[in-house]
Amino acid sequence: MQIKTLEDMQTAKKLGLAQLYPDKPKILVGMATCGLAAGAQKVFDLFQRKAQHEHWDGVVEKTGCIGFCYKEPLVDFILPDKPRLTYEQVTPDVAEELWSEISAGKIPEKHFLARLDIDDPILDGGPRKLYKGKLKGFLAKAPRYEDLDFFKLQRHLAMRNCGFVDPDNILHYIARGGYFALYKALTEMAPEEVIEAVTVAGLRGRGGGGFPTGVKWASCRKAQGWPKYVLCNADEGDPGAYMDRSLIEGDPHAILEGMLIGAYAIGSSEGYVYVRAEYPLAVKTLQRSILAAREAGLLGENIFGTGFSFDIKLNLGGGAFVCGESTALMASIEGKPGEPRAKYVHTVDKGLWNRPSNLNNVETWANVPLIIAKGADWYRDIGTEGSKGTKIFSLVGQVKNVGLVEVPMGISIKDMVNLIGGGVPETKEFKAIQIGGPSGGCIPRELWDLPIDFDSLWDAGAIMGSGGMIVMDDSTCMVDVAKFFLDFLIDESCGKCIPCRLGLKRMREILEEFSTGKGTVADLDELQSLAEAVKDGSLCALGGSAPNPVLSTLRYFREEYEAHVLRRKCPAAVCKELITYSINQELCNGCTACVQECPQGAITGEKKKPHQLNAALCIKCGACHEVCKFKAVEVF
Amino acid sequence: MITFTIDGKEVQGQEDWTVLDVAKWHGIDIPTLCYHPAVEPYGACRLCVVEVDDGRRSRVVISCMYPIREGIKVLTDTPRINNVRRWIVQLLLDESPASPKMQELATKFGVTPSRFKKAGVDFACHLCGLCVRACHEVVGAQALTFGNRGLRKEITSPFHTGSKECLSCGTCLYVCPTGAMEQLFDKVGA
Ligand SMILES: Cc1cc2nc3c(=O)[nH]c(=O)nc-3n(C[C@H](O)[C@H](O)[C@H](O)COP(=O)(O)O)c2cc1C
Ligand code: SF4
Ligand code: SF4
Ligand code: FES
């Protein structure tokens, strides 16, 4: 179906709505990469097979991820005039049970996660109450999404359609207000007005730097040169971060629409999405969505008959972390090695093939339609003074609930950890949160009231980065953490410039001395000055931010470093060379569990009498410590 | 003409000049390693760093690529700059303690080999890329290229096979600041 006019859009919307909320039951399976990894394909196939065999009058569909990744596979039932019902950890066996109830018109109570009463597509049409009258029985008591700690503080703006639409169905996207913002921009707004709206909204780049998006667009619009390129950075290389993947797999058209609006504002007719090749599903989803948009006439020549033309090509990433850096990314699209270069001439003036180029991150693009549809003032109301809107984080580490969370800027670290994350395990204590990916910083307990936004994180020595968050408890050694991130960055350094190539390696060597009891206090200062030299001297932001984990841990956990170099002790009992295991003679009741576990035969003793540990044989594997139920194996 | 200051002294340069060009013109010494007037700047060694205040903020940039702008204030001798340079020289010296070029730099910066110095590498390649650029831009051949990345980055012939493009002209030997090309040279040609 070709879409040329507002009437066409309304028709498409009606068709889409009828599919989103059909007058028969519908089963939705979360089939983003996280769902698939948990076995969603089998579940989907099972429902489809059952539906076919039993001639069920209903629909089975796939959708993206709502962020509850640790509860996958997630399955939703959308029943006419009922709240939407979500079920968690639906293995094929569970699916079988759910099926027998749902196909018999009953509402399953096991594996229930939450109900959704009101669907707010945000972009268009306003909230939609999903049932009429009063809820009864199980449904009345069933928890709502907003009752769950994980969801209470969340606000899904960029993720507005994830878990609601079939990413391969453009009608679903239109039904939820998609491409109406593009229509508005093209038919009611001058390019300058679009830029003005994005600037006033206060949108800042979600790819790490936090650069004001409107300012970037304005410079690119002003730049001399033709053609101009509009680029999307979907290279997402931070280990453990997958918000961009999730957005692409859940709602690809939001990104395309954002790019279309940006292209109109900047005056560009050619775009590229540079997508990480290791994301096969995201790549396929993007391919299909680009084809669908082209078929609908929403990409290509003369869009909405306004004379505006824009098309998008896909480019597969070069496989290295540093290819996500803007100049390396552009070199890579040109077919050159993905190496950064100096940016003294900005890429908005001379970027891809030396032409004016505007690069934004996936999540940045997904925010754009919102600003145009709802207005800059609406958007400005969300977030903090300097950081507007929401941000998606991937919350992992020592918390109960891990997954993707989208929250308004400015919520505190404490709420993120304790409420959304459900806190650290009972026997442990929160120690630090590492924010911003491998070159982010570690923020300690003392600062956990800190609002999470670009500027406070920066002041605290961390960065927003792409939004990776790792919660650490007191079993983590901060010297060890610094080593871990440096290892990643050393591996990913392109090697072009000396501070990064050799400086990071030297920092790592100094840390190794610390964790093996060879460091001195003077080395702490040496490490600090080297870290600063690497930060100041490196060519690109990889080297420029790589010292952050070291600098931030030196700043907040200096005592722990001092313990390593002064007392030759690792307080968290992680650095093997600095710890000794011993058996507390009073606590040991001679159960012999450790004797059997020790691979070295270092523990001896008679049954029911306190055991002895021969330190000379001990390789500090910690097996005895783990197996002892009586806390008799001590580490110092 | 563009007017600005270097270390407080008013200087002038032409439209497309870099800070380093102007400094050289005025006899102001800025150390360099990967720079050579015959080829395009590459910005890898970072030895030529200076601090530039453009009226909005002060930051560390490399003089061999930073285009001059009206009214900027350039400083070539600040604690930040010296910390970067001293560390670069230290790291390079430890890679090749016996290299005459490194020893010369080390003397200038008062740096001595550290406990991390490598043994037995007299003429380590510092991947400054002068040979690659000279071969490409001056000779017009493409007999040399970078291979690998990170700590394994190296100078090689394309596809690691002897290069038929190599004319054995010796230009790379001439520009190499470390003497490393002496060791590599035989492996490059076909
Ligand atoms: C080493 C390195 C890796 C990067 N990787 C990414 C990435 O995977 N995705 C991304 O959007 N930005 C990445 N960036 C940031 C980009 O250079 C660039 O700032 C960003 O894409 C601009 O978009 P934004 O203004 O919308 O954030 C990376 C930067 C560096 C230095
Ligand atoms: S800072 Fe690191 S990644 Fe960036 S150009 Fe230098 S060596 Fe390459
Ligand atoms: S061989 Fe010499 S000129 Fe070539 S990169 Fe190495 S040090 Fe530079
Ligand atoms: S001389 Fe400028 S970076 Fe090497």
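Remember, predicted model here, so these are calculated numbers, not experimental data. Sequence order as written defines the numbering, with residues in each chain counted from 1. Each chain is given a letter, starting from A, and each ligand a number, starting from 1, according to the order in which they appear as written. Local features are withheld for residues below a pLDDT of 70 in this predicted model, meaning they are given only at 70 or higher, and side-chain atom pairs are given and counted only at 80 or more; totals for whole chains, interfaces and linings count all residues. As a rule here, side-chain values cover all heavy atoms of the structure and leave hydrogens and water aside.

1. Considerations on the overall build of chain B
In this description a helix means any DSSP run of H or I spanning at least four residues, a strand means any run of E spanning at least two, and both kinds are numbered starting from the N terminus. A count of helical and extended segments in chain B gives six helices and seven strands. Listed N to C, the secondary structure of chain B is β-β-α-β-β-β-α-α-α-β-β-α-α in terms of helices and strands. With the C-alpha coordinates of chain B rotated into their principal frame, the extents come out at 50 × 40 × 25 Å. In chain B, buried positions account for 51% of the 190 residues. In this analysis, two residues are considered to be in contact whenever any of their non-hydrogen atoms come within 4.5 Å of each other. Summarising the internal contacts of chain B: among those between residues at least 6 apart in sequence, 51% fall at separations of at least 24. Residue burial considers only the protein chains on display, and all accessible areas are found by Shrake-Rupley using a 1.4 Å probe. Element-wise, carbon and sulfur atoms account for 51% of the exposed surface of chain B, whose accessible area totals about 9400 Å². With 22 positive and 21 negative side-chain charges, chain B shows a separation of 7 Å between the mean positions of the two kinds. When accessible area is computed with a 1.4 Å probe and restricted to protein chains, residues below 20% of their type maximum are described as buried, those above 50% as exposed, and intermediate ones as partly exposed. Only four residue types enter the tally: Lys and Arg on the positive side, Asp and Glu on the negative side; His and the chain ends are excluded. To locate a charge, the coordinates of NZ of Lys, CZ of Arg, CG of Asp or CD of Glu are taken.

2. Structural notes on the interface of chain B and chain A
With 34 residues of chain B at the contact, the number on the chain A side is 32 residues. Around 2900 Å² of area is buried between chain B and chain A when both sides are counted, 57% of it from carbon and sulfur atoms. By definition, the buried area sums, over both parts, the 1.4 Å-probe accessible area that each loses when the two are put together. On the chain B side of the contact with chain A, W87, F116 and R149 of chain B bury the most area, a combined 22% of that side's loss. For this document, the term salt bridge refers to a Lys or Arg side-chain nitrogen within 4 Å of an Asp or Glu carboxyl oxygen. The tally of links from chain B across to chain A stands at eight salt bridges. Two residues, R80 of chain B and D536 of chain A, come together in a salt bridge whose shortest N-O distance is 3.0 Å. Polar contacts, as used here, are pairs of N or O atoms within 3.5 Å; protein pairs need one atom able to donate a hydrogen and one able to accept it. Residues neighboring in sequence count only if both atoms are side-chain atoms. At the boundary of chain B and chain A, one finds 18 residue pairs in polar contact (both at pLDDT 80 or more). Where the side of chain B that touches chain A is concerned, the elements lending two or more residues are β4 (58–62) and α2 (79–95) of chain B. Side-chain classes follow a simple rule in which Ala, Val, Leu, Ile, Met, Phe, Trp, Tyr, Cys and Pro form the nonpolar group, Asp, Glu, Lys and Arg form the charged group, and the remainder, Gly included, forms the polar group. Here the side of chain B that touches chain A is built from residues that sort into 17 nonpolar, six polar and 11 charged.

3. Section: the pairing of strand β11 (residues 308–316) of chain A
Residue and element names in this part refer to chain A. By the bridge criterion, six bridges tie strand β9 (residues 270–275) to β11 in an arrangement that is parallel. Of the residues in β11, the one forming a bridge with Y274 is N315. Any two strands are treated as partners once DSSP identifies two or more bridges connecting them. Bridging between strand β10 (residues 300–303) and β11 involves two bridges; their strand directions are antiparallel. Along β11, the bridge assignment pairs I303 with F308. Hairpin connection between β10 and β11: a loop of four residues separates the two successive antiparallel strands, and F304 in this loop has a positive phi of roughly 55°.

4. Some thoughts on the pattern of salt bridges
Counted according to the given criterion, the structure contains 43 salt bridges over all chains. As a salt-bridge pair, K71 of chain A and E88 of chain A come within 3.2 Å of each other at their nearest N and O atoms. Highlighted residues: K71 of chain A in the loop between β2 (59–63) and β3 (75–78) and E88 of chain A in the loop between β4 (84–87) and α4 (92–102), separated in sequence by 17 residues. We classify K71 of chain A as buried; its relative accessible area is 17%. Note on E88 of chain A: relative accessible area 14%, which makes it buried. Note that K118 of chain B and E95 of chain B form a salt bridge whose closest N and O atoms lie 3.1 Å from each other. With K118 of chain B in the loop between α3 (100–109) and α4 (130–139) and E95 of chain B in helix α2, this pair connects stretches of sequence that are 23 residues apart.

5. Focus on the domain arrangement of chain A
Domains assigned within chain A are domain 1 (6–144), domain 2 (179–379), domain 3 (390–476), domain 4 (479–566) and domain 5 (580–635). Where each domain begins and ends is defined by an automated method or by a domain database. Once you take the C-alpha centre of each, domain 3 of chain A and domain 5 of chain A turn out to be 36 Å apart.

6. Some remarks on the site of ligand 1
All names here are of chain A. Nearness of a residue to a molecule or strand requires only that one of the residue's heavy atoms be within 4 Å of it. Taken together, the neighbourhood of ligand 1 is formed by 18 residues, with G207, E236, N360, N361 and T364 sitting nearest. Here an oxygen atom of ligand 1 sits 3.0 Å away from a polar atom, N or O, in the main chain of S326. Elements represented by at least two residues in the shell around ligand 1 include exactly β12 (357–361) and α22 (541–545). With three residues, β12 is the single largest residue contributor to the shell around ligand 1. Along the lines of polarity and charge, the residues of the shell around ligand 1 split into four nonpolar, nine polar and five charged.

7. Focus: the packing of helix α21 (residues 521–537) of chain A against helix α24 (residues 558–565) of chain A
All names here are of chain A. Lines fitted to the C-alpha atoms define the axes, with helices restricted to the stretch that makes contact. Angles between their N-to-C directions range from 0 to 180 degrees. Taken N-terminus to C-terminus, the directions of α21 and α24 make an angle of 135°; their axes are 9 Å apart at the nearest point. With respect to α24, the axis of α21 lies oblique. Where α21 crosses over α24, the two elements pack in a sense that is right-handed. Here V521, L524, D525 and L527 of α21 lie close against α24, whose contacting residues are R558, Y561, E562 and V565. Working definition: roughly parallel below 35 degrees, roughly antiparallel above 145 degrees, roughly perpendicular at 65 to 115 degrees, and oblique for all remaining angles. Note on convention: the crossing is left-handed when the near helix lies turned anticlockwise from the far helix by less than a right angle, right-handed when the turn is clockwise.

8. Let's talk about the sheet that holds strand β16 (residues 441–444) of chain A
Residues and elements named next belong to chain A. An order of β14-β13-β17-β15-β16 is seen for the five strands of this open sheet, with the pairing classed as mixed. In this open sheet, the two edge strands, each paired with only one partner strand, are β14 (403–408) and β16. Neighbouring strand axes in the sheet, compared pairwise and without regard to direction, differ in orientation by 30° on average. Here strand β15 (residues 430–435) pairs with strand β17 (residues 468–473) via five bridges, running antiparallel. Its bridge partner lying in β17, F430 is registered against D473.

9. Here we look at the packing of aromatic side chains
Residues and elements named next belong to chain A. Think of it this way: a Phe, Tyr or Trp ring, Trp meaning its six-membered ring, pairs with another when their centres are within 6.5 Å, and the plane angle makes it stacked under 30 degrees, edge-to-face over 60, tilted otherwise. Taken as a whole and assessed by the stated rule, the structure comprises 27 aromatic pairs over all chains. Plain terms: the ring middles of F112 and F138 are 5.1 Å apart, the flat faces sit at 80° to each other, and that makes the pair edge-to-face. Residue F112 is found in strand β5 (residues 112–116), and its partner F138 is found in helix α5 (residues 137–141); the two are separated by 26 residues along the sequence. When its relative accessible area of 13% is taken as the criterion, F112 is described as buried. Judged by its relative accessible area of 22%, F138 falls in the partly exposed class. Ring plane angle 85° and centroid distance 5.5 Å describe the contact between F150 and F151, whose orientation is recorded as edge-to-face. For the pair F150 and F151, one class covers both residues: buried. One aromatic cluster in this structure is built from F47, W56, F77, Y87, W99, F112 and F138. Over the ring of Y131 we find K129, and its NZ or CZ is 4.6 Å from the ring centre. Cation placement over rings: the criterion is NZ of Lys or CZ of Arg within 6 Å of the ring centroid and within 35° of the ring normal.

10. Topic: helix α3 (residues 40–53) of chain A
All names here are of chain A. Between its terminal C-alpha atoms α3 stretches 20 Å, which fits the 20 Å expected from 14 residues at 1.5 Å a residue. Every buried residue belonging to α3 is among A40, V43, F44, L46, F47 and A51, and all of these are buried. Summarising the axial view, the buried residues of α3 lie within an arc of 160°, below the 170-degree limit, and thus occupy one face. The exposed residues of α3 that point more than 90 degrees off its buried face are K42, Q52 and H53. Here the expected span of a helix is defined as 1.5 Å times the quantity of residues minus one. Starting at the helix axis, one direction is taken to each C-beta atom, and the arc is that of these directions.

11. With respect to the side chain of S114 of chain B
Relative to the helices and strands, S114 of chain B is located in the loop between α3 and α4. Among residues more than four places away in sequence, those in contact with S114 of chain B are R506 of chain A together with Q90 and D94 of chain B.

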